[in-house]
2 protein chains.
Amino acid sequence: MPSYRIVIIGAGNVATHLAKACQGAGHQILAICSRNIENVQLLAAAISCECLALDRLEHLPEADFYLISTSDSAISTIVEHWPAHCKKGIVAHTAGSIPLGILSSMQSRVGVIYPLQTFSKERNVDFQKIPCFVEGDSTETEAQLMALAQSITQLVQPLSSEQRKVLHIAAVFACNFVNHLYDIAVGIAQEQGINPDWLQPLIEETAAKVANLSPRAAQTGPAVRGDQTVLHKQSEMLEHKPELQQLYQLLSQSIYQKFHP
Amino acid sequence: MPSYRIVIIGAGNVATHLAKACQGAGHQILAICSRNIENVQLLAAAISCECLALDRLEHLPEADFYLISTSDSAISTIVEHWPAHCKKGIVAHTAGSIPLGILSSMQSRVGVIYPLQTFSKERNVDFQKIPCFVEGDSTETEAQLMALAQSITQLVQPLSSEQRKVLHIAAVFACNFVNHLYDIAVGIAQEQGINPDWLQPLIEETAAKVANLSPRAAQTGPAVRGDQTVLHKQSEMLEHKPELQQLYQLLSQSIYQKFHP
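Nothing here was measured: the structure is a model prediction, and the numbers come from that model. (Residues numbered from 1 in each chain as written. Chains lettered and ligands numbered in written order. Predicted model: local features only at pLDDT ≥ 70, side-chain atom pairs only at ≥ 80, totals over all residues. Heavy atoms only, no water.)

1. Quick notes on the relation of the copies chain B and chain A
When chain B is fitted onto chain A, the two copies agree to an RMSD of 0.0 Å after a turn of 180 degrees and an axial shift of 0.0 Å. Taken together, the rotation and translation describe the operation of a two-fold axis. Nearest to the rotation axis, the C-alpha of V178(B) is located 2.7 Å from it, this being the minimum over chain B. (Least-squares fit on C-alpha atoms with pLDDT ≥ 70 in both.)

Structure below.
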């Protein structure tokens, strides 16, 4: 397995896990660069590499890969100020919803490595099991990004910007919105003095179930049964929380209509 | 461990798993009774016990426990036609949202065993790890129902009707609505020819994450980051599906407001 020289731009959740995965695969992290000085110092200390402020791009070392995991809006600024001496390396961003085209004015070889996972700094993940979707500005660039991705995970797949955008919105429903529903459920339980830990086996089984059954076949609850009495009573119980009541009604209706067209 | 004589009323998802768990714990399933003749014949054959139609309650055998896992609306009819010769056993329903009071006119000892899990016939579950919530009409009834519950699961907890109702609505958010979001995500991916299996590691990590982090701390995605560009673009992408777009906007707003009050 070749060892690449890598610079990470960003020090948030994705950057942190990506940097650790690259280091774990035997690559050399030359520097980590971010506008959040506190974050970047912590991460650079953990990785034992140089750290740089994002407004000092001219001090970036020469590398094989520059991986940009900043907030989506920061990418344009980086593109604009990309230093001439870094143009030999491949530049790739890691954002689901941003097309490859955002990097096209860089006069570098550019691409995307999109890891489809939810990352929090406080939680370790096994990067080897994270699907990574790769796109390059040429067959050769794509092959080199595939090689890098394959060194950190077993699940690598080429994917166009157009399809990545679709996958990202699917992920927002399957992860971000789902987690928000967990938060609502925990809040409902806690408000009445019920230990929310009791919900965890249900949460995990609901997720594990759809590995074998389609979500359509796995659906349970009052809305799929068409149990109007329970639907009505539960909606009434949320009357003091109009926002939750609206979510309850909209989601119940959406399930009901799918199964009772 | 004592062996009880048990009659199961209902042959749906909950009844099926409950009957198997009771039999697995060494209890004797005397009969299974349901209005759905096809379901009840299948289940009775799997359990090797007698099967009865729901309109023949007068033929029920005498038992220690009668467990009612029918549709919520069928319980009242059962209560009304409960035969005199069955009044020595304890009658318990398994519904989250129905108070114990629905059984109070039965002139039997009555209670509730509510297993907090999503059950589909097509999927096996380890009942020993399912939290069960118990309520009885007296300390003695409750103790006997606790003993029965403890014979089939390690996680037994007394819970009032009032709190059970709250736990059930929390479960609707954490399971039924979550599964519906999985279905939407799978649909979005499939529509663009993307294999929805790529979403499974994300789905499972999102669920596993909240065993250690609170959902509040685990939240990721464009809404919590306040990334208006992505929020706007993704909402636009759903323009041809007004129902999904409405869900997208409501859930994104709800997350955004929680983190940017």
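2. Let's talk about the sheet that holds strand β4 (residues 65–68) of chain B
Residues and elements named next belong to chain B. Ordered in space as β3-β2-β1-β4-β5-β6-β7-β8, the eight strands form an open sheet in which the pairing is mixed. The open sheet has two edge strands, β3 (50–53) and β8 (156–158), and neither has a second partner. On average, each strand axis in the sheet is tilted by 25 degrees relative to the strand beside it, whichever way the strands run. In this structure, strand β7 (residues 132–136) lies alongside β8, joined through three bridges in parallel fashion. Bridging across to β8, C132 finds its partner in V156. Of the strands in this sheet, β2 (28–34) and β3 are in contact with helix α2 (residues 37–47), which crosses β2 at around 170 degrees. Running at roughly 25 degrees to strand β6 (residues 109–115), helix α5 (residues 161–191) makes contact with β5 (90–93), β6 and β7 of the sheet. (Pairing = 2+ DSSP bridges. Helix = DSSP H or I, 4+ residues; strand = E, 2+ residues; numbered from the N terminus. Axes fitted to C-alpha atoms, helices over the stretch in contact; angles between N-to-C directions. Contact = heavy atoms within 4.5 Å.)

3. Overview of the interface of chain B and chain A
On the chain A side, the residues contacting the 86 residues of chain B number 86 residues. Of the roughly 8,600 Å² buried between chain B and chain A, counting both surfaces, carbon and sulfur atoms make up 68%. Looking only at chain B, the three residues that lose the most surface to chain A are R123(B), F173(B) and W198(B), adding up to 9% of its buried area. Applying the counting criterion to the chain B and chain A interface returns six salt bridges. In this structure, D183(B) engages R216(A) in a salt bridge whose closest nitrogen and oxygen atoms are separated by 2.9 Å. Seen at the junction of chain B and chain A, the total is 36 residue pairs in polar contact (both at pLDDT 80 or more). Secondary structure elements with two or more residues in the side of chain B that touches chain A: α5, α6 (200–209), α7 (215–218), α8 (222–225), α9 (228–237) and α10 (242–259) of chain B. Element by element, the count of residues in the side of chain B that touches chain A is highest for α5(B), at 24 residues. (Buried area = accessible area lost by both parts, 1.4 Å probe. Salt bridge = Lys/Arg side-chain N within 4 Å of Asp/Glu carboxyl O. Polar contact = N/O pair within 3.5 Å; in protein donor to acceptor, adjacent residues only side chain to side chain.)

4. Topic: the sheet that holds strand β7 (residues 132–136) of chain A
All names here are of chain A. Here we have eight strands laid out as an open sheet, ordered β3-β2-β1-β4-β5-β6-β7-β8, and mixed in their pairing. Edge positions in the sheet fall to β3 (50–53) and β8 (156–158), since each of these pairs with one other strand and no more. Sheet twist, expressed as the mean angle between neighbouring strand axes with direction ignored, is 25 degrees. The pairing of strand β2 (residues 28–34) with β3 spans four bridges and is classified as parallel. Across the sheet, residue A31 finds its bridge partner in β3, namely E50. Docked against the sheet, helix α5 (residues 161–191) engages β5 (90–93), β6 (109–115) and β7, running at close to 25 degrees with respect to β6.

5. With respect to the pattern of salt bridges
All names here are of chain A. Summed over the entire model, instances satisfying the criterion amount to 22 salt bridges over all chains. With a closest N to O distance of 3.7 Å, K129 and D126 form a salt bridge. Judged by its relative accessible area of 53%, K129 is exposed. D126 gets classed as partly exposed once you look at its relative accessible area, which sits at 41%. (Buried < 20%, exposed > 50% of the residue type's maximum accessible area, 1.4 Å probe, protein only.)

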